[in-house]
Amino acid sequence: MAMSGGREDGEPMMEMNTTPLIDVMLVLLIMFIITIPIQTHAVKIDLPQDQPNQTPPPVDPVKNKLAIDAAGIITWNGSPVDLVTVRQYLNQTVTMVPEPELQFQPDAQTRYVIVDQVLAEIKRSGVTKLGFVGNEQYGNF
């Protein structure tokens, strides 16, 4: 009885036969997949409930729009306000982290005195993120 330990020329075999190893690994992988329990747990999330009578906050944490129409009426995010209320809202925005952007949009026909008063309030409050909106309406003057 002859046993072979290599090639015909008598040299030892240098490579390893990995086919049985791969077969064993595939069987172990299938057994592992079968024995994993099915994940049936649920993640509980508290979603916000809709409240129909809730008014939106006057100061938006992302951006706020301060506008003045041709009649001189000052609006904060679409609702009319006076100069004292504007001062309070601006002081609120300065204390927020991160500070929300303030978009300032005066009408082209607004008296400059009113625009100057609002700009003075913005400067006194210390707002750092200020943007002028609607500058294209001043192109024909």
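Before reading on, note that the structure itself is shown above.
Scoring rules and cut-offs
Residues numbered from 1 in each chain as written. Predicted model: local features only at pLDDT ≥ 70, side-chain atom pairs only at ≥ 80, totals over all residues. Heavy atoms only, no water. Helix = DSSP H or I, 4+ residues; strand = E, 2+ residues; numbered from the N terminus. Phe/Tyr/Trp six-rings, centres within 6.5 Å; stacked < 30°, edge-to-face > 60°. Buried < 20%, exposed > 50% of the residue type's maximum accessible area, 1.4 Å probe, protein only. Pairing = 2+ DSSP bridges. Patch = residues over 30% accessible without salt bridge, like charges linked within 9 Å, V, L, I, M, F, W, Y side chains within 5 Å. Areas by Shrake-Rupley, 256 points an atom, 1.4 Å probe, with all protein chains shown as cover. Salt bridge = Lys/Arg side-chain N within 4 Å of Asp/Glu carboxyl O. Polar contact = N/O pair within 3.5 Å; in protein donor to acceptor, adjacent residues only side chain to side chain. Contact = heavy atoms within 4.5 Å. Axes fitted to C-alpha atoms, helices over the stretch in contact; angles between N-to-C directions. Core = buried A, V, L, I, M, F, W, Y, C linked by side-chain atoms within 4.5 Å.

Student: Explain the environment of Asn135 here, please?
Tutor: Within the element layout of this structure, Asn135 appears in the segment after strand S5 (130-132). Placed 30 residues apart in sequence, Asn135 and Gln105 show a C-alpha to C-alpha distance of 8.2 Å.

Student: Hey, could you run me through the packing of aromatic side chains in this one?
Tutor: The relative placement of two aromatic rings is captured by the distance of their centres and the angle of their planes. Here the structure, examined in full by the defined rule, presents 2 aromatic pairs. Between Trp76 and Tyr89 the ring centres are 5.2 Å apart and the planes differ by 45°, which places this aromatic pair in the tilted class. In this pair, Trp76 is assigned in strand S2 (residues 74-76) and Tyr89 in helix H2 (residues 83-95), connecting sequence segments 13 residues apart. Residue classification places Trp76 among the buried positions, given a relative accessible area of 1%. Measuring from ring centre to ring centre gives 5.8 Å for Phe104 and Phe132, while their planes differ by 80°; the resulting arrangement is edge-to-face. With Phe104 in strand S4 (residues 101-106) and Phe132 in strand S5, this residue pair connects regions lying 28 residues apart in the sequence. On the basis of relative accessible area, Phe132 is assigned to the partly exposed category, the value being 47%.

Student: I would appreciate a short explanation of the pairing of strand S1 (residues 63-68) in the present structure.
Tutor: The two faces of the sheet receive side chains in turn, since in a regular strand these alternate between them. Note that S1 and S4 share 6 bridges and pair parallel. For Ile68, the partnering residue across the bridge sits in S4 and is Pro106. Inspection of the sheet shows S1 paired to S2 by 3 bridges, in the antiparallel sense. Across the sheet, residue Ala67 finds its bridge partner in S2, namely Thr75.

Student: Looking at this model, I keep getting lost on a nonpolar patch on the surface. Mind explaining?
Tutor: Taken together, the side chains of Ile22, Leu26, Leu29, Phe32, Ile33 and Ile36 define a hydrophobic patch exposed on the protein surface, amounting to about 590 Å² of accessible area. Topologically, Leu26 is positioned in helix H1 (residues 19-35). For Leu26, a relative accessible area of 46% corresponds to the partly exposed category.

Student: It is not clear to me how the side chain of Ser125 should be interpreted in this structure. Could you clarify?
Tutor: Looking at the secondary structure, you find Ser125 in helix H3 (residues 112-125). At 2.8 Å, the side chain of Ser125 forms a polar contact with the backbone oxygen of Ile122. With sequence-adjacent residues up to four places away left out, Ser125 is seen in contact with Leu90, Asn91 and Val94.

Student: Explain the sheet that holds S2 here, please?
Tutor: Backbone-to-backbone hydrogen bonds pair the strands of a sheet. The strands run either parallel or antiparallel. On the basis of which strands lie adjacent, the open sheet formed by 5 strands has the order S3-S2-S1-S4-S5 and mixed pairing. In this open sheet, the two strands that pair with only one neighbour each are strand S3 (79-81) and S5. Going from strand to strand, the sheet's axes swing by 30° on average, the running direction of each strand aside. Sheet topology places S2 next to S3; 3 bridges connect them, and they run antiparallel. Within the sheet, the bridge partner assigned to Thr75 lies in S3 and is Pro80. Helix-sheet contacts for H2 involve S1, S2, S3 and S4, and the interaxial angle to S2 is about 30°.

Student: Can you walk me through the nonpolar core in this structure?
Tutor: Across soluble globular proteins, nonpolar side chains show a tendency to be buried alongside one another. Leu66, Trp76 and Ile122 are the most contacted members of the largest nonpolar core, which has 16 residues in total. Contributing elements (two or more residues each) for this core: S1, S2, H2, S4 and H3. Broken down by element, this core gets its largest block of residues, 4 residues, from H3. Leave out the neighbours within four places in its chain, and Trp76 touches Pro58, Val59, Asn64, Lys65, Leu66, Val81, Tyr89, Leu90, Thr93 and Leu102.

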